[in-house]
Amino acid sequence: MSFVHAIPRLIDSTRRDPARTLLMAAALLVVGWLVLYPLAILLLLGLHDKAGQWTLDNYATVFTEPRLVGALTNSVIVSVATMFASLVIALPLAWGVARTRMPGKAVVNIAVTIAFVIPNFIGAIAWMLLLGKNAGLLNVLARQLFDGFLFDIYSIPGLVLVLALSFFPIIFFSAQAALENIDPMYEEAAQMSGAPAWRASLGISLPLVLPAIVSSSVLVFLEAMAAFGAPAAIATGGNFHLLTTELYDMFSYPPRFELAAAAATPIILFTLLGLWLQRVALGRRRYTVIAGKAARGKFVDIGWGRWVIFGYAMVVITAAVALPSFVLVRASLLTKWVRPFISRNITLDHYELLFNTGSIVPTSIVNSLITAVGAATLACVLGVVVVWIVERTTLPGRGVIAFVSTVTFAFPGIALAVGFVIGYSNRYMPLYGTLWLFLIAFTAQRFPFAFMVLRNALKQIDTELEDAGRMSGASWGRTILDISMPLLRSGLIAAWIMVFAVTIRELSMAILLYVRGTETLPVAIFSFVDNGTFEPAASLSVVLVLISIFSVLLLRRVTGRSGMSL
Amino acid sequence: MKRILAALLLMAPVAARAQTDAELYTAAKAEGAVNFAGALKQKETETVLRGFEKQYPGIKVSYTRRSTEPMVQLIEAGRLAGRNDFDVINLTEPGEMVRYKREGLLTATKPVANEELLPGTFDPDYTFRSYALTPMYGIVNTDKVKPADRPKALVELYTATWKGRVAISQPSRGGTDSAALMAVADAMGAEFATRARDLDILLTRGNEAAISAVISGERPVSWGVSGYRALDAKADGSPIEIIFWKEGTAISSFYGGVMAKAPHPNAARLLDRWMMTKATQEKLVEADSIYSSRKDIIATPAGEPPLSKLPLRFYTAEEVTQRGQALAKQFDTALGVK
């Protein structure tokens, strides 16, 4: 539909339902402003030299400087490998939890949630202690057993391992939620046609949840592109760089903001590529699985296979959760992390910081909660409206809206923060140095999570229910509130939790945005690590993880869901 | 004529030093506060700074501690926002101090005559000077390497014995690390980079990670880490020992200076002056495990020898910025960092 033809329809639509049009326009304006304003500042910054003169030199450098080209290539390799490794880890788990009678589902759900909220640099530290070439525990064991070593964590495969163990929950949550929403009648039909139970489930369910798998895989790819913590710990030791570590280095000795802005901008192309891949993979197929008829929960009987999946889940949980958690908790309880774990070295002193009003810790916890809850809520509210526009209207330019809604996903936080610092330091918007800027910046950076999860959820809801509501005389708003929202609840909860979890651990933007008094919990953790005191950093990391888990559990209780599945 | 004017302008702030402590205090007291941002250790430095508040009632000192890289980011974020919250800064990166001087971010002050300071620890134009010194010590894991086998000279590290056993903070990341590399280059000569390729050196992001790698035994030796951090780790019971290299150990400075647009300019000058007094320097040496740049201070970190007894390599801020970074690039290329 051309833009010209769309105008009369828009006018007509506005006349019939002005509140709807107004709400949509407001949401689009807010999201557009949140996302495009800082990006435009960065784009302009990249087009100027230090003296403020227009130039294309920064962009030319990005595509000709061998070190930057090499870093970009490494980033793509690592991100693609992480995406496939995450699929291998997540899909059997999601299918096992959602569609089979495997034991320990609640444990798996809680563990995957913990894996999701543990910052990837913590996982990196744990794996460095386990798979360091010389002193890694597993390598030492291997050397004793067969005079060789297993694996060098300081390598591209090592980094992929750490990132996949950190990001696989994104695919897990998405695939699990989609699998749980599938009506079992499809599988029953396949079984009645003679297909074995497991084959019917895999053959029918997996294609049906393809949108969820593709969307979340793209998220993992982009998340890996934007990752900094684990790459910073591992890549330098492996003598390679990623785009994010290169970008970070551009912010010091001396800072080259113009080049950093130019180097970060091409990442937008990867977001475009991701959206295109989604479109190609999904084509014009429909994946409606929530229709007017209620879905009945039914599990596939795979016999002893459920124990195989359970064993697999335990291996994943050990690697992704137990080991990093052990490293964290152990360090947080020791007077010095290098000392043996015996009674005289054990202390709770590092947890006293939580109540020490003379330190930045109590304030940083409050700041983190305010900004994470605020950003998650704002992103979800905006997300519902924007997703609705993209999926349920014929508004021209919906592809552009979808792009704008996901463009910040892979954008390195530290680069994006520059756009916010410059953009919100003028006399009209003097927000630099306030928590408001954190709220705005975090919402903009994490909005893609809300958008993609909600979009995926909405794709699965048949429009027949909404049509029925409208034909019965309900207004657009009433239809959304009474019919769509309850059906979207699972997706909404998943989106809120995701945004909350990734926001509360956000460091890359916060490190440039904070001033005295606006420190967040990750900034406090970073400060302790920076001071060379790993033990209080570990205790605060434990607190960060516990807050995330507690929030997830609380939300589930409030919303009346007994399970942990997202 | 322009040069003379420029020189006069440069010296104008220095002329303000003619104020007596009492005059400066009166003006500073009216400002009521001073914001100090530095790389010196948090708790210990704050304890020392309480002495300033005691000596000059009515002026509250706020100390923001970051290691140099995030501190520079913090300062630069403020600059992007068109504001500066700090009065006095203190960085271990000589290149940044040189740049800040060039960009007019720092103002000249003369808390102490340069002649009273050790060589290479000050800016000849009085824009910055070293508030503290720390050697870039070698360290060795005492659990993994027997006393008899421990290296004593930098050249020993270039032998097969130490292949796959050395960890360092990547020299191209900053001046302290490139100063340590300069000492290696001076000891090894032109082959320092090409021969390093065969050593399977573990590069880390920052000194803390290099020290951790040595403590954990992942690599049992490092040719240069921040001395005060190494001393702290040793005091905490970590299995490491300090090495004073035969060829000389590089010295790293905590350069300090007053911001040109300090929100509290008089309090900033007063603090700068106070930081370089003999009494404060002695307290810092004791509290922060560092050495003083003042020639007349003989105090040393607990149990450590005086600098005069050690083979040292002093490099000026300009040297580290120019030659140090060039060597670091050469080193990265030789190691095939991609």
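Conventions used here
- Residues numbered from 1 in each chain as written.
- Chains lettered and ligands numbered in written order.
- Predicted model: local features only at pLDDT ≥ 70, side-chain atom pairs only at ≥ 80, totals over all residues.
- Heavy atoms only, no water.
- Helix = DSSP H or I, 4+ residues; strand = E, 2+ residues; numbered from the N terminus.
- Rg over C-alpha atoms; globule rule 2.2 N^0.38 Å.
- Buried < 20%, exposed > 50% of the residue type's maximum accessible area, 1.4 Å probe, protein only.
- Contact = heavy atoms within 4.5 Å.
- Expected span 1.5 Å × (residues − 1).
- Core = buried A, V, L, I, M, F, W, Y, C linked by side-chain atoms within 4.5 Å.
- Axes fitted to C-alpha atoms, helices over the stretch in contact; angles between N-to-C directions.
- Parallel < 35°, antiparallel > 145°, perpendicular 65-115°, else oblique.
- Left-handed = near helix turned anticlockwise from the far one by under 90°.
- Nonpolar A, V, L, I, M, F, W, Y, C, P; charged D, E, K, R; others polar.
- Buried area = accessible area lost by both parts, 1.4 Å probe.
- Salt bridge = Lys/Arg side-chain N within 4 Å of Asp/Glu carboxyl O.
- Polar contact = N/O pair within 3.5 Å; in protein donor to acceptor, adjacent residues only side chain to side chain.
- Phe/Tyr/Trp six-rings, centres within 6.5 Å; stacked < 30°, edge-to-face > 60°.

J.: What's the story with the overall build of chain A in this structure? I'm lost.
T.: Looking only at helices and strands, chain A features 26 helices and zero strands. Against the globule reference of 24 Å for 566 residues, chain A gives a C-alpha radius of gyration of 24 Å, in line with a compact fold. Here chain A holds 566 residues, and the buried ones make up 57% of them. In chain A, once contacts between residues fewer than 6 apart in sequence are set aside, the share between residues at least 24 apart is 77%.

J.: What's the story with helix H3 (residues 42-55) of chain B in this structure? I'm lost.
T.: One turn of the α-helix equals 3.6 residues, which is why residues spaced by three or four share an orientation. Residues and elements named next belong to chain B. Taking 1.5 Å per residue, 14 residues should reach 20 Å; H3 reaches 20 Å between its end C-alpha atoms and fits that length. Within H3, burial applies to Thr45, Val48, Leu49 and Phe52. Looking at the buried positions of H3, the neighbouring elements they touch are strand E1 (33-38), strand E2 (60-65), helix H9 (265-275) and helix H10 (278-288).

J.: Just to check I follow, could you spell out the nonpolar core for this structure?
T.: Grouped burial of nonpolar side chains is what soluble globular proteins tend to show. The biggest cluster of nonpolar side chains holds 240 residues, and the ones touching the most others in it are Phe168(A), Phe172(A), Phe420(A) and Ile89(B). Ranked by residue count, the leading element in this core is helix H21 (residues 435-459) of chain A, at 16 residues. Core analysis: the next-biggest nonpolar cluster, separate from the first, contains 36 residues, Val140(B), Val166(B), Ile243(B) and Ala328(B) among them.

J.: I tried to follow the packing of helix H8 (residues 156-180) of chain A against helix H11 (residues 210-226) of chain A on my own but got confused; where do I start?
T.: Relative placement of two packed helices is described by the angle separating their axes and the distance separating the axes. Residue and element names in this part refer to chain A. Packing of H8 against H11 brings their axes to within 9 Å, and their N-to-C directions diverge by 165°. With respect to each other, H8 and H11 are oriented roughly antiparallel. Of the two elements, H8 crosses H11, and the hand of that crossing is right-handed. For the pair H8 and H11, the contacting residues are Phe167, Ile170, Ile171, Ser174, Ala175 and Ala178 in the first and Ala212, Ile213, Ser216, Ser217, Leu219, Val220, Glu223 and Ala224 in the second. Looking at the contact of H8 with H11, its residues break down into ten nonpolar, three polar and one charged.

J.: How should I be thinking about the environment of Lys246(B) in this particular structure?
T.: Residue and element names in this part refer to chain B. Secondary-structure assignment places Lys246 in the loop between strand E9 (240-243) and strand E10 (249-259). Overall, the relative accessible area of 62% leaves Lys246 in the exposed class. Spatially, the C-alpha atoms of Lys246 and Ser169 are 21 Å apart, while their sequence positions differ by 77 residues. With residues near it in sequence (within four places) discarded, Lys246 still touches Lys152, Ala153 and Pro311.

J.: I keep staring at the interface of chain A and chain B and nothing clicks. Help me out?
T.: Accessible area lost upon the coming together of the parts serves often as the stated size of an interface. Counting residues at the interface gives 47 residues for chain A, matched by 48 residues for chain B. In this assembly, chain A packs against chain B so that about 3,900 Å² is buried in total across both faces, 51% of it on carbon and sulfur atoms. Of all residues in chain A, the largest losses of buried area upon contact with chain B belong to Asn239(A), Tyr253(A) and Asp530(A), amounting jointly to 18% of the total for that side. Here Arg205(B) and Asp249(A) are joined by a salt bridge, their closest N and O atoms 2.9 Å apart. The tally of links between chain A and chain B comes to twelve residue pairs in polar contact (both at pLDDT 80 or more). Going through the elements one at a time, helix H4 (66-99), helix H13 (243-249), helix H20 (413-423), helix H24 (510-513) and helix H25 (521-530) of chain A are the ones with two or more residues in the side of chain A that touches chain B. Split by residue class, the side of chain A that touches chain B holds 25 nonpolar, 15 polar and seven charged.

J.: Please clarify how the packing of aromatic side chains should be interpreted in this entry.
T.: The relative placement of two aromatic rings is captured by the distance of their centres and the angle of their planes. Evaluated as defined, the whole model comprises 20 aromatic pairs over all chains. Judged by centre distance (5.2 Å) and plane angle (10°), the rings of Trp496(A) and Phe500(A) are stacked. Of this pair, Trp496(A) and Phe500(A) both sit in helix H23 (residues 476-504), four residues apart, roughly one helical turn. Accessibility classification places Trp496(A) together with Phe500(A) in one group, the buried group. Seen in terms of ring centroids, Phe128(B) and Tyr255(B) are 5.1 Å apart; in terms of plane orientation they differ by 75°. Their pairing is edge-to-face. Of this pair, Phe128(B) sits in the loop between strand E4 (106-107) and strand E5 (129-141) while Tyr255(B) sits in strand E10, and the two are 127 residues apart along the sequence. Across this residue pair, the class does not change: Phe128(B) and Tyr255(B) are buried.

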